[in-house]
Number of protein chains: 2
Amino acid sequence: MNLRIPGPIPVPDDILQILSRQMINHRGPEFKELLYRVTERLKTVFATENDMFILSSSGTGGMEAAISNTLSVGDKVICASIGSFGNRFGEIAKRFGANVEMVNFEPGTSINIEVLEQALNDHKNVKAVLVTHNETNTGVTNNLKQVAKIVKKDPSRLLLVDGISSVCSIPLQTDEWECDVVVSASQKGWMLPPGLAFISFSPLAWKFNSVSDMPRFYFDLIQYKSYYEKGQPPWTPALSIIFALDKALEQIIDEGMENVYSRHSSIANQVRNGIKAIGLSLFPDISVASNTVTAVKSPDGLDADILRKQVQQDHDVVLAGGYGPQQGKIFRIGHLGYVKPKEIDETIDAINLTLKNV
Amino acid sequence: MNLRIPGPIPVPDDILQILSRQMINHRGPEFKELLYRVTERLKTVFATENDMFILSSSGTGGMEAAISNTLSVGDKVICASIGSFGNRFGEIAKRFGANVEMVNFEPGTSINIEVLEQALNDHKNVKAVLVTHNETNTGVTNNLKQVAKIVKKDPSRLLLVDGISSVCSIPLQTDEWECDVVVSASQKGWMLPPGLAFISFSPLAWKFNSVSDMPRFYFDLIQYKSYYEKGQPPWTPALSIIFALDKALEQIIDEGMENVYSRHSSIANQVRNGIKAIGLSLFPDISVASNTVTAVKSPDGLDADILRKQVQQDHDVVLAGGYGPQQGKIFRIGHLGYVKPKEIDETIDAINLTLKNV
């Protein structure tokens, strides 16, 4: 199977093998050493000296942790959304009682900086801004550096970033760009199975935390912080995936972040050129197209979900569909983690051959 | 290493191997089939026809889900606690805004039914009762059948059960005993690594859910229920552990629940007899001693944590310590999941030899 969805991604064989390691005591010295090692390496990938925690959950759990650990009921926040995952971030904040102002942009486009700046000027007392770095849903990457600059014109404003499908694939400089909270998840560029979320937490985030009144327990980062000092997680962690994380991080740090990013950029170019070569068009403008997932318009009159089904049936290539308003209109090709150029060639060929027959 | 803590447990080799399976599309037909199969089998083990959901979290996440999906802010609830995990259940309910009445029992004892009944009579409008079936912290199993009978004298009262270290090891008849919500976790009797929680949810629990106002998103069971109808999880699940769950459930159902329970009972007897034979005493009375974890008093004047450290250093046998008031006074031997009698013999021998030398 050629699994070409934007997570779960195919996990390299040597990392898969580590998953079969036998359990250890999560409150013993061996785990302590492992926890400290992977946490330090995660900080390297996130480019941060902020606190870093490993949660046993999907990325959505990490998004909830970002919100419930910082905001208070009634806090005015702006959620800049360019798709379903942006909407989800805003929805979580609403559920927990924040006063959320959605600033939505047309699907397929990125955040318009002027519009965001205007919104920040129009609304008084905006405590925090929620942003998706890479919108998996539409295949668009926001210019997070620019967004952060606008948000941080007032340095007391908190910036919460969903970096789930960007960190470890697309450059994200947590500290340099002043991102207070950044969330990622294991089944993305990290080359791991799903089951872990990673969250970085700045001093300003802790300041918000000290007055935050949203309820939390499983995702309570105060517990994570106090147990971390003992080299332990507060709750029993998904050990197998942490063993695999150790291996993956070793490879990622060895390769070097610049090489990891250019590997993703080069594979993304191959996908985009291939799509163009078979006569199809990208859903977003190429200037904002993501390096981890490519959203492609289905040819006029052809339901993208029918095309996907046929591609899988005939060629064992698994593509992702569109969500919400894009369902049936676009399909998506995932290309994060370790992808071989040959797998992309096979994907493009499979789509091309299927198009000739449907 | 002879890992004798009450979870994570040593995972049998054939199940460990499954963890190395390659990823699949969690929104595709193969996962749908897998999800439906494991969910039905989980219901068999829980002895329930209630809804059943698989969460990607530890058991603590499942406890939070039990509370935040049923209760409302200000609801009067009674938490019957016999140790740290009972206290945790009450603490989660408090964090989310319930009006929690703690009914605490002496560590090492089980719930006194008369005292619980009195508390239920004394407090008007008790909406729900929180109970730990098996208190891992003190090695005590409550008589859940009796507790449930008292709680359900008023059938409108909700019974939330932490069955994390009991389900699949110690008999728990969810439907027969009218347990509305029961939570378990993968790293216990299920013979799996940590990373998944299982939760059963009764019609009365759904009735509570329809008016519940506690905030939730990651653990929102309405989302789980609506996606389940499509054969999908709402968020990306910890796939590797679900693959392994499929294998473990096949073995458990093949073995038969009665055999699974008597295997645990027989191993527990072996542990208790072994402890007695080397001159040590159980922490709880034998009549309430758990079949999944045995809490043992450290000999007078000997710090249990020093003993544990020495046992690990000299014999590579890993024991668990006491929590809170029991720290240093007791040690605990985990014996859930698939345990070979030889492993217990080695454990007892290791403790005995160490005692002679310290």
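For clarity, every value in this text was computed on a predicted model and none was experimentally measured.

About the cut-offs
Numbering of residues begins from 1 in every chain and follows the order in which that chain's sequence is written. As a convention, the first chain written is A and the first ligand written is 1, with the rest following in written order. Local features in a predicted model are, by the rule used here, given only for residues with pLDDT of at least 70; side-chain atom pairs are given and counted only at 80 or more, and totals for whole chains, interfaces and linings are based on all residues. Helix numbering and strand numbering both begin at the N terminus, where a helix is a DSSP run of H or I of at least 4 residues and a strand a DSSP run of E of at least 2. Both definitions apply: the radius of gyration is a C-alpha atom measure, and the globule rule equals 2.2 Å times residues to the power 0.38. Exposed residues have 12 or fewer other C-beta atoms within 10 Å of their own C-beta, buried residues have 20 or more, and residues in between are partly exposed; the C-beta atoms are placed from the backbone. Here the contact rule is simple: place C-beta atoms from the backbone, and any two residues whose C-beta atoms are within 7 Å are in contact. Where helices are involved, their axes are fitted lines through C-alpha atoms of the stretch in contact, as for all axes, and angles between N-to-C directions lie from 0 to 180°. Note that the term roughly parallel is reserved for angles under 35 degrees, roughly antiparallel for angles over 145, roughly perpendicular for angles of 65 to 115, and oblique for everything else. The hand of a helix crossing depends on one turn: near helix anticlockwise from the far one by less than a right angle means left-handed, and clockwise means right-handed. Side-chain classes are defined by residue name, with Ala, Val, Leu, Ile, Met, Phe, Trp, Tyr, Cys and Pro counting as nonpolar, Asp, Glu, Lys and Arg as charged, and the others, Gly among them, as polar. Superposition of the copies used a least-squares fit over C-alpha atoms from residues whose pLDDT is at least 70 in both. Each domain span listed reflects an automatic or database assignment of domains. Residues of type Ala, Val, Leu, Ile, Met, Phe, Trp, Tyr and Cys that are buried and joined through C-beta atoms within 7 Å form what is called a nonpolar core. When DSSP finds two or more bridges between two strands, those strands count as paired. Throughout, the arc means the angular range of directions from the helix axis out to the C-beta atoms.

So, on to the overall build of chain A. For chain A, the count of helices and strands is twelve helices and 13 strands. The C-alpha radius of gyration computed for chain A amounts to 20 Å, which stays within 12% of the reference 21 Å derived for 358 residues, consistent with globular compactness. Along the first, second and third principal axes, the C-alpha set of chain A runs to 60 × 55 × 30 Å. Looking at chain A as a whole, 58% of its 358 residues qualify as buried. Intrachain contacts of chain A at a sequence separation of at least 6 include 72% that bridge at least 24 residues.

Right, let's get into the packing of helix 3 (residues 59–68) of chain B against helix 4 (residues 84–95) of chain B. Residue and element names in this part refer to chain B. Contact geometry for helix 3 and helix 4: axes closest at 9 Å, N-to-C directions at 50°. By the angle class used here, helix 3 and helix 4 are oblique. Helix 4 is crossed by helix 3, and the crossing has right-handed handedness. For the pair formed by helix 3 and helix 4, the contact residues are Met63, Glu64 and Ile67 on the first element and Arg88, Phe89, Ile92 and Ala93 on the second. Residue composition of the contact of helix 3 with helix 4, by class: five nonpolar, no polar and two charged.

Our focus in this paragraph is the relation of the copies chain B and chain A. The transformation that overlays chain B on chain A combines an axial shift of 0.0 Å with a rotation of 180°, and the residual RMSD is 0.0 Å. On this basis, the relationship between the two copies can be described by a two-fold rotation axis. Both copies share a contact surface, since 98% of the interface residues of chain B are interface residues in chain A too.

Right, let's get into the domain arrangement of chain A. Residues and elements named next belong to chain A. Each domain of chain A was delimited in the assignment, giving domain 1 (2–6 + 256–357) and domain 2 (21–254). Here the C-alpha centre of domain 2 lies 27 Å away from the C-alpha centre of domain 1. Taken together, the contact pairs 23 residues of domain 1 with 23 residues of domain 2. Taken together, the elements giving at least two residues each to the side of domain 1 that touches domain 2 come down to helix 10 (257–277) and strand 11 (293–297). A breakdown of the residues in the side of domain 1 that touches domain 2 according to their chemical character gives 14 nonpolar, eight polar and one charged.

Right, let's talk about the nonpolar core for a bit. Among the nonpolar cores identified, the biggest contains 242 residues, and A:Val77, A:Ala93, B:Val77 and B:Ala93 are the most heavily contacted of them. Non-local contacts of A:Ala93, meaning those with residues more than four positions away in its chain, are made with A:Ile67, A:Leu71, A:Val77, A:Cys79, A:Ala98, A:Val100 and A:Leu130.

The subject of this paragraph is the environment of A:His315. All names here are of chain A. Structurally, the position occupied by histidine 315 is in helix 11 (residues 304–315). Accessibility expressed as a C-beta count within 10 Å gives 16 for histidine 315, which makes it partly exposed. Taking C-alpha positions, histidine 315 is 24 Å from asparagine 137, a pair spaced 178 residues apart along the chain. Once residues within four sequence positions are removed from consideration, histidine 315 is found in contact with Ala350 and Thr354.

Right, let's get into the packing of helix 2 (residues 29–46) of chain A against helix 9 (residues 239–255) of chain A. Residue and element names in this part refer to chain A. It is at 10 Å that the axes of helix 2 and helix 9 come closest, and there the two elements cross at 45°. Between helix 2 and helix 9, the angle is such that the two are oblique. Relative to helix 9, helix 2 is oriented so that their crossing is left-handed. Taken together, the residues of helix 9 that come into contact with helix 2 (itself represented by Leu34, Arg37, Val38, Arg41, Leu42, Thr44 and Val45) are Ile242, Leu245, Asp246, Leu249, Ile252 and Ile253.

Contacts between chain B and chain A engage 42 residues on the former and 41 residues on the latter. For the side of chain B that touches chain A, the secondary-structure elements that each account for two or more residues are helix 1 (13–18), helix 3, helix 4 and helix 9 (239–255) of chain B. Its residues assigned to classes, the side of chain B that touches chain A comprises 23 nonpolar, 17 polar and two charged.

All names here are of chain B. One open sheet accounts for four strands, arranged 1-12-13-11; its pairing is mixed. With partners counted over all chains shown, the strands left at the sheet margins are strand 1 (2–4) and strand 11 (293–297), one partner each. Going from strand to strand, the sheet's axes swing by 30° on average, the running direction of each strand aside. Relative to strand 12 (residues 317–321), strand 1 is paired through three bridges, and the arrangement is parallel. Its bridge partner lying in strand 12, leucine 3 is registered against valine 318. The strands touched by helix 10 (residues 257–277) within the sheet are strand 11 and strand 13 (330–334), with strand 11 carrying the most contacts at an inclination of about 10°.

Below, the discussion takes up the pairing of strand 10 (residues 197–201) of chain B. Residue and element names in this part refer to chain B. Counted residue by residue, strand 10 has five buried out of five residues, so it is predominantly covered. In strand 10, alternate side chains face the same way, and those of Ala197, Ile199 and Phe201 on one face and Phe198 and Ser200 on the other are all buried. Pairing of strand 2 (residues 51–55) with strand 10 involves five bridges; the strand directions are antiparallel. Its bridge partner lying in strand 10, leucine 55 is registered against alanine 197.

For the rest of this paragraph, the subject is helix 8 (residues 221–228) of chain B. Residue and element names in this part refer to chain B. Of all the positions in helix 8, only Leu221, Tyr224 and Tyr228 are classed as buried. Viewed end-on, helix 8 has its buried residues packed into an arc of 50°, placing them on one side of the element. In this structure, the buried residues of helix 8 make contact with strand 2, helix 3, strand 10 and helix 7 (203–211).

It is worth spelling out the sheet that holds strand 4 (residues 99–104) of chain A at this point. Adjacent strands of a sheet pair through backbone hydrogen bonds, lying either parallel or antiparallel. Residue and element names in this part refer to chain A. Ordered by their spatial adjacency, seven strands build an open sheet running 2-10-9-8-5-3-4, and the pairing between neighbours is mixed. Only two strands of the sheet have a single neighbouring strand rather than two, namely strand 2 (51–55) and strand 4. Strand-to-strand twist across the sheet, computed as the mean angle between neighbouring axes with direction ignored, equals 15°. The strands touched by helix 2 are strand 2, strand 9 (181–185) and strand 10 (197–201); relative to strand 2, the strand with the most contacts, the crossing angle is about 110°.

All names here are of chain A. Within the secondary structure, alanine 277 sits in helix 10. Residue classification places alanine 277 among the exposed residues on the basis of 10 C-beta atoms within 10 Å. Expressed as a C-alpha distance, the spacing of alanine 277 and asparagine 352, which sit 75 residues apart in the sequence, is 9.5 Å.

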